[in-house]
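# Fold and geometry: a report
Next come the chains, spelled out residue by residue.
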Amino acid sequence: MSTPVPASEPAPGTLPQLVTPASAATTEVGSYFISNYPPFSQWHTELVPQALQALDASPTDTADTPLGLYIHIPFCRKRCKFCYFRVYTNQNAKSIEDYVRALIAELELISQRSAIGSRSLKFVYFGGGTPSYLSSKQLRSLRERMSTWINWDHAEEVTFECEPGTLSVEKLETLRDIGITRISLGVESFNDRILEENGRAHLSPEVFTAWEWIRNIGFPQVNIDLIAGMVGETDENWHRNIDLTLQLAPDNITIYQMELPFNTVYSKEMREQGLQSPVADWPTKRRWVSEAMDRLLASGYHISSGNELVRNPEHDRFAGQFRVRMGGRIGLGHFDQLPLLLARQLLVHFETHDRQLGAQLVQNARLRRALERRQIQKPLHVQHGVG
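Residues numbered from 1 in each chain as written. Predicted model: local features only at pLDDT ≥ 70, side-chain atom pairs only at ≥ 80, totals over all residues. Heavy atoms only, no water.

The next thing to look at is the confidence of the model for the protein. Residues of the protein with pLDDT of at least 70 account for 73%, and the chain-wide mean is 80. Across residues 1–22, where pLDDT falls below 50, the model places 31 contacts with residues more than four positions away in sequence or in other chains. Contacts of residues 334–387 to residues separated by more than four positions or lying in other chains number 122 contacts, the stretch itself having pLDDT below 50. (pLDDT = per-residue confidence, 0-100. Contact = heavy atoms within 4.5 Å.)

Right, dumping it as structure tokens:
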């Protein structure tokens, strides 16, 4: 008899969806991808003291541990139908400034903890959302304010995710000037019909225009993201995606497989309307990934991880990917990364046991109101000693 297994960790308050091996080939609602470590199922209020203890570790205990910084920028021009991250669309300058102020407030708090403040960053990663949604002026302001508390002048790698349609020559020059060393371009597909069907904000002409700008301005590393199994994908088109990727010859290529986590537009339509999965089944997606890797390996690329290939393994490597396995990582700006109760417990700790830090936090009225309204939940998300 087949034993059912959970397809994914469900949203709070819902029961896990079960799939049997017989039906596991189809891409159903549920996700194997763990967006944070430890996973949400392991976040408990009683573990707050351990998180704080990690932050207060002696500098001598953490001096030799590589440290990375993840910065979440939750803004996008539009929401992709397969997106499961916390993002906000069409936000104005005031909303962005409010968020940046919250980021800086959090960075100030984190940087003053003994386990963090004396350490140098080995890698930095700007993810989203769409970090390139920010204007050049906003990016320079963010970099300047962050420098008060921490900098990446000597980091091995600073990655910045970009949506092609948000880029300009001026913005790319800004990214180079503020120290970005690795551009990650969210291409996903070169087929405009598929891009539109899946809710992407950009079309293929914007990819090629952005690519020319990126190469002319010059960055040490450029990555292209592709997704195997986007709704509407075919064998012919997937092979064309690989052909065009090889023509561009990026330093890194990352290939994801389309999933259907619980909070995507596609998942909601399936669950509410009883629709069948519009996504290719897992054997097909895995075949497409395998075919892509075979083509790329034959063209001189090297496998760097389960879903990434690089042209030059001595130079083109995703430092963050390696370091997170060997060291620690700070995450700033994660929306909904902590349950509200846990966020409040952290606030109480700062206000009770560290009045100076608590006062700084309380004085940030915008952040505190956002915390209470669950729009920005205090993202004290620290990964220490991940391995």
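Another point: the pattern of salt bridges. Throughout the structure, instances matching the rule amount to 16 salt bridges. Salt-bridge contacts for Arg182 lead to Glu308; the nearest nitrogen and oxygen are separated by 3.2 Å. Of this pair, Arg182 sits in strand E8 (residues 182–188) while Glu308 sits in strand E12 (residues 308–310), and the two are 126 residues apart along the sequence. Across the pair Arg287 and Glu291 runs a salt bridge whose closest N-O atoms are separated by 3.0 Å. With a gap of 4 residues between them, Arg287 and Glu291 both fall in helix H11 (residues 282–298), about one helical turn apart. Classification of Glu291 as partly exposed rests on a relative accessible area of 24%. Three or more residues are tied together by salt bridges with common partners; here these are Arg77, Glu163 and Glu206. (Salt bridge = Lys/Arg side-chain N within 4 Å of Asp/Glu carboxyl O. Helix = DSSP H or I, 4+ residues; strand = E, 2+ residues; numbered from the N terminus. Buried < 20%, exposed > 50% of the residue type's maximum accessible area, 1.4 Å probe, protein only.)

Bringing the packing of helix H3 (residues 93–111) against helix H5 (residues 136–146) into the picture now. Interaxial distance between H3 and H5 falls to 10 Å at its minimum, and their mutual angle equals 15 degrees. Put simply, H3 runs roughly parallel to H5. For the pair H3 and H5, the crossing hand works out as right-handed. Note on element contacts: H5 touches H3 through Gln138, Leu142, Arg145 and Met146, opposite Ala93, Ile96, Glu97, Val100, Arg101, Leu103, Ile104 and Leu107. (Axes fitted to C-alpha atoms, helices over the stretch in contact; angles between N-to-C directions. Parallel < 35°, antiparallel > 145°, perpendicular 65-115°, else oblique. Left-handed = near helix turned anticlockwise from the far one by under 90°.)

Scanning all chains against the criterion turns up 0 disulfides. Lacking any disulfide linkage, Cys80 is separated from the closest cysteine sulfur, that of Cys83, by 6.0 Å. (Disulfide = S-S within 2.5 Å.)

Our next topic: the packing of helix H9 (residues 235–248) against H11. Two measures define how a pair of helices packs: the angle their axes make with one another and the distance between the axes. Taken N-terminus to C-terminus, the directions of H9 and H11 make an angle of 30 degrees; their axes are 11 Å apart at the nearest point. Relative to H11, H9 is oriented roughly parallel. The two elements H9 and H11 meet at a crossing, and its hand is right-handed. Side by side, H9 and H11 meet where Asp235, Trp238, His239, Ile242, Asp243 and Leu246 of the first sit next to Arg287, Trp288, Val289, Glu291, Ala292, Arg295 and Leu296 of the second. Residues belonging to the contact of H9 with H11 are distributed by class as follows: 7 nonpolar, 1 polar and 5 charged. (Nonpolar A, V, L, I, M, F, W, Y, C, P; charged D, E, K, R; others polar.)

This model, assessed by the stated rule, comprises 8 aromatic pairs. A connected cluster of aromatic rings, assembled from ring pairs, spans Phe75, Tyr99 and Tyr133. The positively charged end of Arg143 is found above the aromatic ring belonging to Trp152, 4.0 Å away from the centroid. Seen from the ring of Trp282, Lys285 lies directly overhead, with NZ or CZ sitting 3.3 Å from the centre. (Phe/Tyr/Trp six-rings, centres within 6.5 Å; stacked < 30°, edge-to-face > 60°. Lys NZ or Arg CZ within 6 Å of the ring centre and 35° of its normal.)

The next thing to look at is the pairing of strand E7 (residues 157–162). Of all 6 residues making up E7, 5 are buried, and the element is well covered by its neighbours. Relative to E7, strand E6 (residues 121–128) runs parallel, the two being bridged by 4 bridges. Along E7, the bridge assignment pairs Val124 with Val158. Considered for its hand, the β-α-β crossover made up of E6, H5 and E7 is right-handed. Sheet topology places E7 next to E8; 4 bridges connect them, and they run parallel. Residue Glu161 lies in a different strand from E8, and its bridge partner there is Ser184. Handedness of the β-α-β unit built from E7, helix H6 (residues 169–177) and E8 comes out right-handed. (Pairing = 2+ DSSP bridges. Right-handed = clockwise from strand over helix to strand, strands pointing away.)

The next subject is the side chain of Asp251. Structurally, Asp251 can be placed in the loop between H9 and strand E10 (252–257). Here Arg215 takes part through its side chain, which lies 3.4 Å from a polar atom of the side chain of Asp251. Within the structure, Asp251 has its side chain in polar contact with the backbone nitrogen of Val222 (distance 2.8 Å). In this structure, Asp251 is in contact with Arg215, Pro220, Gln221, Val222, Tyr301, Leu309, Val310, Arg311 and Asp316, ignoring residues within four places of it in sequence. (Polar contact = N/O pair within 3.5 Å; in protein donor to acceptor, adjacent residues only side chain to side chain.)

A cis amide bond, omega 10 degrees, links Gly128 with the succeeding residue Gly129. Structurally, the position occupied by Gly129 is in the loop between E6 and H5. Look at Asn90: it is not a glycine, yet its phi comes out positive at around 55 degrees. Position of Asn90 among the secondary structure elements: in the loop between strand E5 (88–89) and H3. With relative accessibility at 62%, the residue Asn90 sits in the exposed group. The backbone of Ala249 sits at a positive phi, close to 55 degrees, despite the residue not being glycine. With respect to the helices and strands, the residue Ala249 is situated in the loop between H9 and E10.

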